[in-house]
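Breakdown of the fold
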Amino acid sequence: SGNPPGLSVDRDGTRINFGFGLMKSIDGGATWTNVNPGGAFTGLAINSILIYPEDPNVMLLTTGRGTGTGQVWRSTDAGDTWSPVLTGAVATDWCGLAFSATFGNGERFLYAVGESGSGGQVWRSGDRGGNWQQLTLPFINPNQNSLDIA
């Protein structure tokens, strides 16, 4: 159950799922390239994609709700290659990414929200997604099935 990975088409009452992974266009959408590092995105829904406002080469995305364990991914070359950045975290569904306001030095925090059987998690990065620290939430509820930040 949950959200199916990729695109779903309901034709005559039959659901058809297509897991495309991540598609990238550099010509305004005229042509597309599939970006799927080692098949890492196969079978997973891509839940959020952010492009870092101060450096468009830095991109982050979250995966989850599919046939594997979700992850937070980072690219530093405008999406050509991707690496997982929260390998020690236990969330199975990474459902959201958000930026803070810009600080006086031009930088900002980046937040990732994850869900697991033990409740929600929020992680924060102060270096464009390179390093992360888990934040302590004022509440922990194992029955919680959604969490988001604004």
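For the structure, see preceding data.
An account of the accompanying structure is given in this report. (Residues numbered from 1 in each chain as written. Predicted model: local features only at pLDDT ≥ 70, side-chain atom pairs only at ≥ 80, totals over all residues. Heavy atoms only, no water.)

Quick notes on the sheet that holds strand β5 (residues 45-51)
Read from one edge to the other, the open sheet built from four strands follows the order β5-β6-β7-β8, with strand pairing classed as antiparallel. Taken across any chain shown, the strands that pair with only one partner, and hence form the sheet edges, are β5 and β8 (83-84). As judged from the four bridges shared by strand β6 (residues 59-64) and strand β7 (residues 72-75), these two strands associate in the antiparallel manner. If you follow Met59 over to β7, its bridge partner there is Ser75. (Pairing = 2+ DSSP bridges. Helix = DSSP H or I, 4+ residues; strand = E, 2+ residues; numbered from the N terminus.)

Quick look at the nonpolar core
Ranked by internal contacts, the top residues of the largest apolar core, which has 13 residues, are Leu60, Val72, Leu86, Trp94, Ala112 and Trp132. Looking at this core, the elements that each hand over two or more residues are β9 (93-99) and β10 (110-116). Counting seven residues, the second largest nonpolar core, distinct from the first, contains Leu22, Val35, Leu61 and Trp82. (Core = buried A, V, L, I, M, F, W, Y, C linked by side-chain atoms within 4.5 Å. Buried < 20%, exposed > 50% of the residue type's maximum accessible area, 1.4 Å probe, protein only.)

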